[in-house]
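In case you want the letters, here they are:
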Amino acid sequence: MALALPYNDGVTPLPPLLDSLGRPVRDLRISVTDHCNFRCVYCMPKTVFGRDYPFLPRTDLLSFEEITRIAQLFAARGVSKIRLTGGEPLLRHGIEKLIELLAAIPGVELTLTTNGALLAQKAAALHSAGLQRVTVSLDALDDTVFKQMNDAGCSVAKVFEGIEVANAAGLAPIKINMVVKRGTNDHEILPLVRHFRGSGHILRFIEYMDAGSSNGWKLDEVVPSAEVLRIIGAEFPLEPIDANYPGEVAARWRYQDGTGEIGVISSVTQAFCNSCTRIRLSTEGKLYTCLFATEGHDLRDLLRGGSNDNELDAAIAGIWQSRQNRYSLLRVAATPTLKKIEMSYIGG
Ligand code: SAM
Ligand code: SF4
Ligand code: SF4
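Residues numbered from 1 in each chain as written. Chains lettered and ligands numbered in written order. Predicted model: local features only at pLDDT ≥ 70, side-chain atom pairs only at ≥ 80, totals over all residues. Heavy atoms only, no water.

**Focus on the overall build of the protein**
Helix and strand counts for the protein come out as 13 helices and 12 strands. Taken over C-alpha atoms, the radius of gyration comes to 20 Å for the protein, in line with the 20 Å a tight globule of 348 residues would show. Out of the 348 residues belonging to the protein, those deemed buried represent 52%. Counting only contacts in the protein whose residues sit at least 6 apart along the sequence, the fraction spanning at least 24 positions is 72%. Accessible area of the protein: about 14800 Å², with a carbon and sulfur share of 54%. Seen as two clouds, the 37 positive and the 39 negative side-chain charges of the protein have centres 1 Å apart. (Helix = DSSP H or I, 4+ residues; strand = E, 2+ residues; numbered from the N terminus. Rg over C-alpha atoms; globule rule 2.2 N^0.38 Å. Buried < 20%, exposed > 50% of the residue type's maximum accessible area, 1.4 Å probe, protein only. Contact = heavy atoms within 4.5 Å. Areas by Shrake-Rupley, 256 points an atom, 1.4 Å probe, with all protein chains shown as cover. Lys, Arg positive; Asp, Glu negative; His and termini not counted. Charge placed at Lys NZ, Arg CZ, Asp CG, Glu CD.)

Written out as structure tokens, the structure reads:
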């Protein structure tokens, strides 16, 4: 029997979707492009991706209308947060138009993660289109270290400019993500803390993950969050604070002197799969129920083959309801070597 969807009868609410471990679907991450103007060593290293890596042909990408249709279906099933990501989402031509379409979905918080290189140029238009907040990735305060990590010659000053313009445009509070890789940028933790403490921006430290197959991940290059907290706490005493909502990925800490808060994302040392409510839509319309999934579920053929909303909803529901993923909880020595989907394709 066909489901009664709100967009059909305008009244009947749909039951929330639960996966096979009882987790609801709450966050939808949408990768809007697989292209990037950076070649971060931990994500899309130049040695593997080069400058002319064969990225997806344009016709393979979901259109803004197709993305919006899927987002509406997810919103009807309980998704309350949408994050645009990539690749570098600000490289997708006309991204403001997509933001306008998504911002019109009621009850959904709309955010975007960017490397910041094009943010100064785009922030005002993104905000006017309805974007609420941005997260900016920044891995070092020192220009030489940062350029080594992004491998594209982007300066720290350029990212700072993006952060300031975004802040002034109203895309605040801004979260700043630092991926910490031992021996590469761990000495940049304290300089970034000193720089951002008291600014109102929230600095977050991400454990380097074994995402994709191209970054040559090694466990001993992971700096555990506990170590990051010890380093920061020795100079600026910290205390834990409550999560903003159940299932929040970053553990929150505040400076005891009242100068703000930081977050740590312990994807490797303290896996949070049990409360993982995230699903990812790839650039060409595949759904991934885990960052470490090897196979996606294609929706593009359904979208382009004339499926109605009931049929699409049934497909989405089936995918989420059969979800069993908890990769980080089960991570064993062998799994980092298995073939996985690149972070730049699926969206971080
Ligand atoms: N290009 C945008 C950016 O860098 O912010 C958005 C896409 S990027 C894939 C999303 C996030 O994933 C970034 O904050 C990035 O630092 C993080 N990331 C990428 N590879 C990672 C890895 N191996 N381990 C941990 N975080 C990673
Ligand atoms: Fe590009 Fe973001 Fe990956 Fe860096 S982390 S290569 S900016 S997609
Ligand atoms: Fe969620 Fe998969 Fe990450 Fe676990 S490993 S937290 S299930 S995305």
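**What about the packing of aromatic side chains?**
Evaluated as defined, the whole model comprises three aromatic pairs. Considering the side-chain rings of Phe38 and Phe146, the 6.2 Å spacing of their centres and the 75 degrees angle between planes classify their relative orientation as edge-to-face. Of this pair, Phe38 sits in the loop between β1 (27-31) and α2 (46-49) while Phe146 sits in helix α6 (residues 143-150), and the two are 108 residues apart along the sequence. Here the aromatic rings of Phe236 and Tyr255 are separated by 6.0 Å at their centres, their planes lie at 75 degrees, and the arrangement is edge-to-face. With Phe236 in the loop between α9 (225-235) and β7 (238-241) and Tyr255 in strand β8 (residues 251-255), the pair connects residues that are 19 residues apart, well separated along the chain. For the residue pair Phe236 and Tyr255, the accessibility class agrees, reading buried in each case. When the ring centre of Tyr255 is taken as reference, the NZ or CZ atom of Arg197 above it lies at 5.8 Å. (Phe/Tyr/Trp six-rings, centres within 6.5 Å; stacked < 30°, edge-to-face > 60°. Lys NZ or Arg CZ within 6 Å of the ring centre and 35° of its normal.)

**Digging into the site of ligand 1**
Taken together, the neighbourhood of ligand 1 is formed by 19 residues, with Tyr42, Gly87, Ser137, Val179 and Met209 sitting nearest. One of the backbone N or O atoms of Thr114 is found 3.2 Å from an oxygen atom in ligand 1. With the chains in place, 95% of the 550 Å² that ligand 1 exposes on its own is no longer accessible. (Near = heavy atom within 4 Å. Polar contact = N/O pair within 3.5 Å; in protein donor to acceptor, adjacent residues only side chain to side chain.)

**A look at the site of ligand 3**
Looking at ligand 3, there are 13 residues lining it, with Cys273, Cys276, Cys290, Leu291 and Ser328 nearest. Within the residue set of the shell around ligand 3, elements represented by two or more residues are β10 (278-281) and α12 (327-330).

**Regarding α9**
Ser225, Val228, Leu229 and Ile232 are the residues of α9 that are buried. Looking straight down α9, one finds its buried side chains confined to an arc of 95 degrees; they lie on one side. Summarising the geometry of α9, the exposed residues directed more than 90 degrees from the buried face are Arg230 and Ala234. Contacts from the buried residues of α9 go to α8 (189-196), β6 (202-207), β7, β8 and β9 (261-265). (Arc of directions from axis to C-beta.)

**With respect to the pattern of salt bridges**
All told, the structure shown has 19 salt bridges when counted by the stated rule. Arg77 is the salt-bridge partner of Asp313, the closest N and O atoms lying 3.0 Å from each other. Taken together, the residues span a long stretch of sequence, with Asp313 in helix α11 (residues 309-321) and Arg77 in the loop between α3 (64-76) and β2 (81-85) at a distance of 236 residues. Where Lys158 meets Glu161, a salt bridge forms, and the shortest distance between an N and an O atom there is 3.3 Å. Of this pair, Lys158 and Glu161 are both found in helix α7 (residues 156-169), three residues apart, which corresponds to roughly one turn of the helix. Through salt bridges with shared partners, a single network forms among Asp19, Arg23 and Arg323. (Salt bridge = Lys/Arg side-chain N within 4 Å of Asp/Glu carboxyl O.)

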